[in-house]
Amino acid sequence: MSDVIRLLPDSVANQIAAGEVVQRPASAVKELLENSIDAGADHITLIIKDAGKTLMQVIDNGTGMSETDARMAFERHATSKIQKAEDIFAIHTKGFRGEALASIAAVAQVELKTKKEDEELGVMLRVEGSKVMEQEYCNTKRGTQLEVKNLFFNIPARRNFLKSNNVELRHIIDEFERVALAHPDIHFSFVNNGNELFDLPAAGLRQRIVNIFGSKFNEKLVPVDEETPILKLTGFICKPEFSKKTRGEQFFFANNRYIRNNYLHRAVCNAFEGLLTEGSHPSYFLFMDIDPAKIDVNIHPTKTEIKFEDERSIFTIIRTAVKHALGQYNIAPSLDFESDVDFVPQMKKGQTVPPPGVHINPNFNPFDEQLAGRSSSSATRQTSFIPQDVHTGKSQKTQDWEKLFEDIPELPDEPKRQETLEMGETTEVKKSYSQIGRKYIFTNHGTGIIMIHQQRAHERILFERIFQSLENKNIPSQQLLFPQNISFSASDYQLIISLLPSLREVGFDIDEFGQNEVIINGIPLYLDSNLVKDVLERLLEDEKDHKSDGASKTHELMATTLAKVSAIKTGSPLNTQEMHKLVDELFACEMPYVSLAGKPVVVNLNLEDIDKSFN
Ligand code: ADP
Ligand code: MG
């Protein structure tokens, strides 16, 4: 039998490698930007056409390359950044694998122009699908220009696999923002289809954040600055009152490299605990400086996950530092020493420790109705009708309960039978409604009691109405007296733009306003005008989770989001009429018994069940 194993030609090997390094235009952009940073540039310009599908160009004023280096740069495993294996444990550059340019040149048409400071002439090199097509001297400035045209021109299957321009551009903006945040001392510009998206002059981190995300950020930022023997943590968190319904601005950098790490993200969330309303997320820009030997850098170039030697300590340091920052700005109690025993922060010079004290609220009244409503739900979740303070006979709750008791109908003479709740059934019995824990509505029905989860009930009602009107293409909309402008981060803006058709379909009168802003003249009838921003943020978040292409937002998803944001929440007091209306509307629904998430909305206690409780 003849031998069958052969070495793959370089061009094929490069194409295979490229599959991992260059997944989409954004990954090429990231590699090019990082090469320019490694080359010591202090001004980097990114030019994009058609979301990078037609052109991605990066121009820098870095060291440039010699003629031989320019040629070498496109070879696989050709790098100037390390020489021996141990070097990767002390790496301070972004790249070191020597794979990026070889990979990009394997799947695109690439033109390089580069010149070193002390050379008279630069060199121009054209490479297509790993083949050098042209090389000549040229006139050019110090630094490097790299043009990548027609990505995946030679792999149609991969080109077809690219997402819409909106989606691909959003990925590019995400990469650009990460790189720009990690290097505020470098001037970055970004031009997309001839329009300048960003111009970020060299600045401090605060200014860089403001330049990227908008001037409103300035007042939101609280500095974090903590130094420990293991790592140094600097950067900013956003004050809790500015937290958003989208996960938007959450950035971790390790040695100026953007990373994603769920465990450390939890450390930040943990520090914010109790300060955020449900469903909102903290924003942060945190930079870790850590000995490169303590992190596993031998990770894949396109992966942002990273491993640390001592993750638990890092978790504690981050949580404590964030709490500390929140505390210093009087946002939260400074430090919780009980849960932070394994880490004691170092005091700064001149810092004083406030004496411990006991805080008493002189106005505290345990029978205060307002307080009772706010008390933890576990105490109020009991389904028993006997209030704990029944002996006082005075509280509002007790009176409600007595009223309810009075309203319970006389026992019918007919033999007991299992009473089921039927929609639309009318009873002669006078109904009474009461609200427990600002969460549940109790009402009598026939010979039983029904308990209704107010928030789930209202979500169900709104969902069915909105869904119906969407299906019937009969979308009630209201014009706003004062149009609202809402601004987004550049990448969220791209996403919102792609959602405009769906938004209009559900009753938004919404248009692009430019400068990452939309203008809203009208909103769906069911939506409270104060909740417009919440709805849009929530839609963005759903959209990111579903990773769809934007335009195809289904009626069901839209209706769910609108219903969830607009519904009456747990904790809202309701008067009798409101409860009455809610219950009637609930039972007019097609599916009154299950919530949008498949949980119970209604629990029915019939006389038998009640009798059992007294046995
Ligand atoms: P790596 O960055 O991992 O070394 P690349 O394939 O990205 O590998 O680049 C190969 C080499 O080409 C780099 O090591 C560097 O010497 C050179 N190079 C790439 N881009 C630039 C640039 N913009 N300016 C100067 N040199 C560059
Ligand atoms: Mg590189």
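Refer to the structure above for everything that follows.
What you see is a predicted model; the values in this text were computed from it and never measured.

Q: Which residues make up the site of ligand 1, and what values do they have?
A: Taken together, 19 residues lie around ligand 1, and Asn35, Thr79, Ser80, Lys81 and Gly98 are the ones closest in. The contact in question runs from a nitrogen atom of ligand 1 to an N or O atom on the side chain of threonine 144, over 3.2 Å. Within the complex, the protein chains bury 91% of what would otherwise be the 530 Å² of accessible surface of ligand 1. Of all elements in the fold, only helix 2 (25-38) and helix 4 (100-106) reach the threshold of two or more residues within the shell around ligand 1.

Q: Outline the nonpolar core, listing residues and values.
A: Counting 65 residues, the largest nonpolar core has Leu46, Phe176, Leu181, Phe188, Phe190, Ile209 and Phe285 as the members making the most contacts within it. At eight residues, the largest contribution of residues to this core is made by helix 6 (residues 165-182). Looking at which domains feed residues into this core, each of domain 1 (10-200) and domain 2 (205-329) supplies at least three. Excluding its chain neighbours within four sequence positions, the residues that come into contact with phenylalanine 285 are Leu181, Ile209, Phe213, Phe217, Leu221, Thr234, Gly235, Phe236, Cys238, Glu249 and Phe251. Membership of the second largest hydrophobic core comes to 33 residues, among which are Ile497, Phe508, Leu531 and Val535.

Q: How would you summarise the side chain of serine 66 if you had to cite specific residues and measurements?
A: Turning to its location among the elements, serine 66 is positioned in the loop between strand 2 (55-60) and helix 3 (67-72). Judged by its relative accessible area of 19%, serine 66 is buried.

Q: Describe the sheet that holds strand 17 (residues 440-445), and please don't skip the residues or the numbers.
A: Pairing within the open sheet is antiparallel, and its four strands lie in the order 16-17-18-22. Edge strands, defined here as strands with exactly one partner in the open sheet, are strand 16 (433-436) and strand 22 (602-605). Averaged over all pairs of adjacent strands, the angle between strand axes in this sheet comes to 25°, irrespective of strand direction. Relative to strand 22, strand 18 (residues 448-453) is paired through four bridges, and the arrangement is antiparallel. When the sheet's bridge partners are listed, isoleucine 450 is paired in strand 22 with asparagine 604.

Q: Kindly report on the environment of valine 21, identifying the contributing residues and their values.
A: Within the secondary structure, valine 21 is located in helix 1 (residues 10-21). In this structure the C-alpha to C-alpha distance between valine 21 and serine 103, which are 82 residues apart in sequence, comes to 6.7 Å.

Q: Give a detailed account of the packing of helix 2 against helix 6, specifying residues and quantitative values.
A: It is the contact of helix 2 with helix 6, at a shortest axis distance of 8 Å, that shows an interaxial angle of 25°. Here helix 2 is positioned roughly parallel relative to helix 6, judged by the angle of their axes. Classified by chirality, the crossing of helix 6 by helix 2 is right-handed. Mapping the contact onto sequence places Pro25, Ala26, Val29, Lys30, Leu33 and Ile37 in helix 2 and Glu168, His171, Ile172, Glu175, Phe176 and Val179 in helix 6. By residue class, the composition of the contact of helix 2 with helix 6 is eight nonpolar, one polar and three charged.

Q: Quick rundown of the packing of aromatic side chains? Include the residues and the values.
A: The full count for this structure, using the stated rule, is 17 aromatic pairs. When the ring of phenylalanine 213 is compared with that of phenylalanine 285, the centres are 5.7 Å apart and the planes differ by 45°; the resulting orientation is tilted. Taken as a pair, phenylalanine 213 in helix 7 (residues 205-213) and phenylalanine 285 in strand 13 (residues 284-290) lie far apart in primary sequence, 72 residues in all. For the pair shown, phenylalanine 213 and phenylalanine 285 are each scored as buried. Relative to phenylalanine 315, the ring of tyrosine 263 lies with its centre 4.8 Å away and its plane at 35°, an arrangement referred to as tilted. Note that tyrosine 263 is positioned in helix 8 (residues 262-272) and phenylalanine 315 in helix 9 (residues 311-328), a separation of 52 residues in sequence. Since its relative accessible area comes to 24%, tyrosine 263 is described here as partly exposed. Under the relative-accessibility criterion, phenylalanine 315 is labelled buried at 13%.

Q: Run through the environment of lysine 116, naming residues and quoting values.
A: Structurally, lysine 116 can be placed in the loop between strand 3 (109-115) and strand 4 (122-128). The exposure class assigned to lysine 116 is partly exposed, which follows from its relative accessible area of 27%. Spatially, the C-alpha atom of lysine 116 lies 6.4 Å from that of serine 66, the residues being 50 residues apart in sequence. Contacts of lysine 116, omitting those with residues within four sequence positions, involve Thr63, Gly64, Met65, Ser66 and Arg142.

Q: Would you mind going over helix 8 in detail, with residue names and values included?
A: Within the span of helix 8, buried status applies to Leu264, His265, Ala267, Val268, Ala271 and Phe272. Taken end-on, helix 8 shows its buried residues confined to a sector of 150°, consistent with a single buried face. Structurally, helix 8 contributes buried residues whose contacts are with strand 10 (231-238), strand 11 (250-254), strand 13, strand 15 (307-308) and helix 9. Put simply, asparagine 261 is the residue that caps the front of helix 8, since its side-chain oxygen is 3.0 Å from the backbone nitrogen of tyrosine 263. Following helix 8 by one or two positions, glycine 274 has its phi on the positive side, about 85°.

Q: Break down the pattern of salt bridges for me, with residues and values.
A: Enumeration according to the criterion identifies 12 salt bridges in this entry. With a shortest N-O distance of 2.9 Å, arginine 24 and glutamate 168 are connected by a salt bridge. Separated by 144 residues along the polypeptide, arginine 24 in the loop between helix 1 and helix 2 and glutamate 168 in helix 6 bring together distant segments of the chain. With a relative accessible area of 23%, arginine 24 lands in the partly exposed category. By relative accessible area, which is 1% here, glutamate 168 ends up buried. For the salt bridge of glutamate 134 with arginine 126, the shortest nitrogen-to-oxygen distance reads 2.7 Å. Judged by its relative accessible area of 27%, glutamate 134 falls in the partly exposed class. Linked by salt bridges that have partners in common, Arg126, Glu128 and Glu134 make up one network.

The rules behind each value
- Residues numbered from 1 in each chain as written.
- Chains lettered and ligands numbered in written order.
- Predicted model: local features only at pLDDT ≥ 70, side-chain atom pairs only at ≥ 80, totals over all residues.
- Heavy atoms only, no water.
- Near = heavy atom within 4 Å.
- Polar contact = N/O pair within 3.5 Å; in protein donor to acceptor, adjacent residues only side chain to side chain.
- Areas by Shrake-Rupley, 256 points an atom, 1.4 Å probe, with all protein chains shown as cover.
- Helix = DSSP H or I, 4+ residues; strand = E, 2+ residues; numbered from the N terminus.
- Core = buried A, V, L, I, M, F, W, Y, C linked by side-chain atoms within 4.5 Å.
- Buried < 20%, exposed > 50% of the residue type's maximum accessible area, 1.4 Å probe, protein only.
- Domains from an automatic or database assignment.
- Contact = heavy atoms within 4.5 Å.
- Pairing = 2+ DSSP bridges.
- Axes fitted to C-alpha atoms, helices over the stretch in contact; angles between N-to-C directions.
- Parallel < 35°, antiparallel > 145°, perpendicular 65-115°, else oblique.
- Left-handed = near helix turned anticlockwise from the far one by under 90°.
- Nonpolar A, V, L, I, M, F, W, Y, C, P; charged D, E, K, R; others polar.
- Phe/Tyr/Trp six-rings, centres within 6.5 Å; stacked < 30°, edge-to-face > 60°.
- Arc of directions from axis to C-beta.
- Salt bridge = Lys/Arg side-chain N within 4 Å of Asp/Glu carboxyl O.

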